[in-house]
Amino acid sequence: MEKFAILADVTCDLVEEFQQQFDIHVLHGYVIPPNKQEVRAMPAWDWCTREEFYRDLKRTPEAYTTAPPNVNDFYTAMEEYAQRQQPLLVMTLSGGMSGTHAFAQQARTMVLERYPDAKIYCFDSRRFGPGFGLMAVHAALCRERGMSFDETVAWLEDNKSCFHQAGWHEDLAFVAKKGRITHAKAFFGTLAGVRPLGEFDANGMTTVITKVKGTRTALRVLQSYIEATATRPEEQVFFVGHSNRPKQAAEYKALIEERFHPKACYISDVHASCGVNAGPGLVAAYYMGKPISKDLEEERKLIERLAEEG
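A brief structural summary. (Residues numbered from 1 in each chain as written. Predicted model: local features only at pLDDT ≥ 70, side-chain atom pairs only at ≥ 80, totals over all residues. Heavy atoms only, no water.)

Remarks on the pattern of salt bridges
Right, on to step 1. Here the structure, examined in full by the defined rule, presents 17 salt bridges.
Right, on to step 2. Across the salt bridge formed by arginine 50 and glutamate 51, the nearest N and O atoms sit 3.3 Å from each other.
Right, on to step 3. On the accessibility criterion, arginine 50 (16% relative accessible area) is buried.
Right, on to step 4. The partner of arginine 245 in a salt bridge is glutamate 170, and the shortest N-O contact between them spans 2.5 Å. (Salt bridge = Lys/Arg side-chain N within 4 Å of Asp/Glu carboxyl O. Buried < 20%, exposed > 50% of the residue type's maximum accessible area, 1.4 Å probe, protein only.)

Here you go:
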């Protein structure tokens, strides 16, 4: 029997280069732009440029919507592996944020009715974007180390709460348009240069755990936060994700490499399927560390202390 395959949905944000490097297959989703002509979306800027997308999204955020791969999309993809009897690990966007995982589970049931010997596992990443992509990369690294399908699935389930996000969102006006904060708070926050620092919660939603003033301070505090929460960062793969902030992402990457000397550190765009909701202005590092606590209680205490120390 062949080695097991890994299939992740589009919200993993793994571009073709990473798909090939780590042998990960990506299933498309859908983006509906203002012209209402549905786009079959992949982690690529093939139907518009990054700059065009985020410029237009900022202007009319309510005009963009997304849709996950549907049950038939998942079924078609899964059937290909079932036919050749190759075990398949299907990884999806957090079930706490979307129906994607439920669609995958429905498709799996349908495939097993026709191919009862098929070995398919649908894994709820509880993450999105580059954080989800990093999890898929770790699954590929488990496979590369010779771990079996079952061992890799068990490792993912045991460690899913260990994938962190350490970053900020600087476009508070966009966040306000999405209804997450009031316009007044967005306005005054922008004037004051506030950087809300976010971490993943139990469902993979980015949750603000403290706020600081200015990018310099944000970078300083976040590096200390990574140092306190990461496990053996020198042995890790890091992602630095961004939504149309390439310069800030490059600076953050350089600081991580200088301070932690990771095995690898990659910059990853947040593409349209996640970008519609994230909006422009996100810059964040993604890595493995200590399990994230319930309700982010420990992480809040930690980062608030680090912010006070400056």
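Examining the pairing of strand S1 (residues 5-9)
Sheet faces and side chains relate simply in a regular strand, where the side chains alternate between the two faces.
Right, on to step 1. S1 sits mainly inside the fold: 5 of its 5 residues count as buried.
Right, on to step 2. Judged by which residues are buried, S1 turns out to be covered on both faces: Ala5, Leu7 and Asp9 on one side and Ile6 and Ala8 on the other are all buried.
Right, on to step 3. Both S1 and strand S6 (residues 88-92) contribute to a ladder of 4 bridges, which runs parallel. Of the residues in S6, the one forming a bridge with leucine 7 is valine 90.
Right, on to step 4. Sheet topology places S1 next to strand S2 (residues 25-27); 3 bridges connect them, and they run parallel. By the bridge assignment for S2, aspartate 9 is matched with leucine 27.
Right, on to step 5. Handedness of the crossover joining S1 and S2 through helix H1 (residues 16-22) is recorded here as right-handed. (Helix = DSSP H or I, 4+ residues; strand = E, 2+ residues; numbered from the N terminus. Pairing = 2+ DSSP bridges. Right-handed = clockwise from strand over helix to strand, strands pointing away.)

Examining the packing of helix H9 (residues 215-229) against helix H10 (residues 246-260)
Right, on to step 1. Closest axis-to-axis distance for the H9/H10 pair is 11 Å, and the angle between their directions is 40 degrees. By the angle between their axes, H9 is oblique relative to H10. Considering how the two elements wind past one another, H9 and H10 form a crossing that is right-handed. From H9, Arg216, Leu219, Leu222, Gln223, Ser224, Ile226 and Glu227 reach across to H10, where they touch Glu251, Tyr252, Leu255, Ile256, Arg259 and Phe260.
Right, on to step 2. For the contact of H9 with H10, a count of residues per class yields 7 nonpolar, 2 polar and 4 charged. (Axes fitted to C-alpha atoms, helices over the stretch in contact; angles between N-to-C directions. Parallel < 35°, antiparallel > 145°, perpendicular 65-115°, else oblique. Left-handed = near helix turned anticlockwise from the far one by under 90°. Contact = heavy atoms within 4.5 Å. Nonpolar A, V, L, I, M, F, W, Y, C, P; charged D, E, K, R; others polar.)

Here's the deal with the pairing of strand S11 (residues 237-242)
Right, on to step 1. Among the 6 residues in S11, 6 count as buried, and that is most of the element.
Right, on to step 2. For S11 and strand S12 (residues 264-269), the ladder comprises 6 bridges, and the chain directions are parallel. In the strand pairing of S12, valine 237 is matched with alanine 264.
Right, on to step 3. Between the parallel pair S11 and S12, the chain is carried across by H10, and the sense of this crossover is right-handed.
Right, on to step 4. Here S11 runs beside strand S13 (residues 282-288); their pairing, made up of 4 bridges, is antiparallel. From the neighbouring strand, glycine 241 faces S13, where its bridge partner is alanine 284.

Description of the layout of surface pockets
Right, on to step 1. When its volume is computed, the second largest pocket comes out at roughly 300 Å³.
Right, on to step 2. Lining the second largest pocket are 13 residues, and of these His138, Arg145, Glu235, Gln236 and Met288 sit closest to its centre.
Right, on to step 3. Those elements giving two or more residues to the lining of the second largest pocket turn out to be helix H5 (129-144) and helix H6 (149-159).
Right, on to step 4. Among the elements that take part in the lining of the second largest pocket, H5 stands out by supplying 3 residues, more than any other.
Right, on to step 5. Considering only residue class, the lining of the second largest pocket consists of 4 nonpolar, 4 polar and 5 charged. (1 Å grid on protein atoms, 1.4 Å probe; cavity = no way out; pocket = protein on both sides within 12 Å on 5 of 7 lines; lining within 4 Å. Points joined across faces, edges and corners; volume = space filled by probe spheres on them.)

Some thoughts on unusual backbone geometry
Right, on to step 1. A positive phi is found at aspartate 23, a non-glycine position, where the angle reads about 55 degrees.
Right, on to step 2. Tracing the sequence through the fold places aspartate 23 in the loop between H1 and S2.
Right, on to step 3. Its identity as a non-glycine residue notwithstanding, glutamine 85 has a phi of 60 degrees, on the positive side.
Right, on to step 4. With respect to the element layout, glutamine 85 can be found in the loop between helix H3 (71-83) and S6.

Some details on the environment of isoleucine 32
Right, on to step 1. With respect to the helices and strands, the residue isoleucine 32 is situated in strand S3 (residues 29-32).
Right, on to step 2. Separated by 50 residues in the primary sequence, isoleucine 32 and alanine 82 place their C-alpha atoms 31 Å from one another.
Right, on to step 3. Once residues within four sequence positions are removed from consideration, isoleucine 32 is found in contact with Glu38, Ala63, Tyr64, Thr65 and Thr66.

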